[in-house]
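# Observations on the model geometry
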Amino acid sequence: LQYSATAIEYAFNGCEIPIVFVSADYPLEDEKTNGFINFEAAVEFIKSKSANGVFVSYKNNNENNTNIHIGSRILQHGEYDANIYSIDKVPFATYSNKITLNNIKIENTNNIGIVDYVENPCILSVESYPGNNYAYCLDNVNAVILKPYHSGTLDTANRCLVDFCNRAKSKNIPVFVTGTHYGVAYKSTELYSDLGVKLVPYGTYISAYMKIWAGISLSQNLEDFVNTRIANE
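Let me begin by describing the structure that accompanies this report. In this text the structure is predicted, and so the values were computed from the model without any measurement.

### Structural notes on the environment of asparagine 132
Summarising the element assignment, asparagine 132 is placed in the loop between β6 (123-127) and β7 (143-147). Classification of asparagine 132 as buried rests on a relative accessible area of 2%. The spacing of asparagine 132 and asparagine 158 is 26 residues in sequence and 9.1 Å in space, taken between C-alpha atoms. With residues near it in sequence (within four places) discarded, asparagine 132 still touches Val126, Glu127, Asn158 and Cys160. In this structure the side chain of asparagine 132 is engaged in a polar contact, spanning 2.8 Å, whose partner is the backbone nitrogen of tyrosine 134.

### Comments concerning the pairing of strand β3 (residues 66-70)
Judged by how many residues are buried, β3 sits mostly within the fold: 5 of 5 residues are covered. Burial along β3 is two-sided: Thr66, Ile68 and Ile70 facing one way and Asn67 and His69 facing the other are all buried. Of the strand pairs in this sheet, strand β2 (residues 53-58) and β3 are connected by 4 bridges, and their pairing is antiparallel. The residue of β3 that forms the bridge with phenylalanine 55 is isoleucine 70. Two elements, β3 and strand β4 (residues 93-95), share 3 bridges in a ladder whose sense is antiparallel. Pairing of threonine 66 across the sheet is with tyrosine 95, part of β4.

### Description of the sheet that holds β4
Spatial strand order, β1-β2-β3-β4-β5: 5 strands in an open sheet with mixed pairing. In this open sheet, the two strands that pair with only one neighbour each are β1 (18-22) and β5 (99-101). Strand after strand, the sheet turns through a mean of 25° between neighbouring axes, direction not considered. Pairing analysis gives 3 bridges linking β4 to β5, with the strands arranged antiparallel. Bridge pairing in β5 places alanine 93 opposite leucine 101. On the sheet, helix α2 (residues 35-48) packs against β1, β2, β3, β4 and β5 and is oriented at approximately 175° with respect to β1.

Criteria and cut-off values
- Residues numbered from 1 in each chain as written.
- Predicted model: local features only at pLDDT ≥ 70, side-chain atom pairs only at ≥ 80, totals over all residues.
- Heavy atoms only, no water.
- Helix = DSSP H or I, 4+ residues; strand = E, 2+ residues; numbered from the N terminus.
- Buried < 20%, exposed > 50% of the residue type's maximum accessible area, 1.4 Å probe, protein only.
- Contact = heavy atoms within 4.5 Å.
- Polar contact = N/O pair within 3.5 Å; in protein donor to acceptor, adjacent residues only side chain to side chain.
- Pairing = 2+ DSSP bridges.
- Axes fitted to C-alpha atoms, helices over the stretch in contact; angles between N-to-C directions.

Keep in mind these values describe shape, not function.
Structural data, given as structure tokens:
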């Protein structure tokens, strides 16, 4: 998460040249490491002058190609899984002796320039799990991110969640939910507006977290800021 968030931080700052982050699943002295091929792919991608922006170069275990991901589109790691995936499982490009671009359009979306990130943005991130009583303290909280179940749903029948959202609303704390699609509605999602829960545009949790952090640092209206496309979201 920290690795991906750093890439997104650079992406939101705006880049006129390609910056490619490189990491490894094992130390470089370990024969199982993918660090060298990740670095090679990063160099070849920069040399190809295929696009500007922030990217991550990474070869997944048991895959032949090394993937080049757009920084703001990287998903969180799965448990006990070092592999990296882009949203919709499609990276921007792949490398195997040469760079091959996938059919992904990079648009000239807004950038926000240099951001002096506050040390502690006071963002409360809340997981969805059975038995959650949502008894979270909201003192000094600037924003809440709800992480839904895989279908983009929340347990809106849970009185504890309703009370939590109402407490946040009474304190003028914006509550966002990630992992949802506009136009895709389950019975539970119909109550989001009643609860004051705001949908984050289609994207990743990491990107949403860093974007809200940037908005807090810039003293922006968070709902407007989150709905402004930045860094090829």
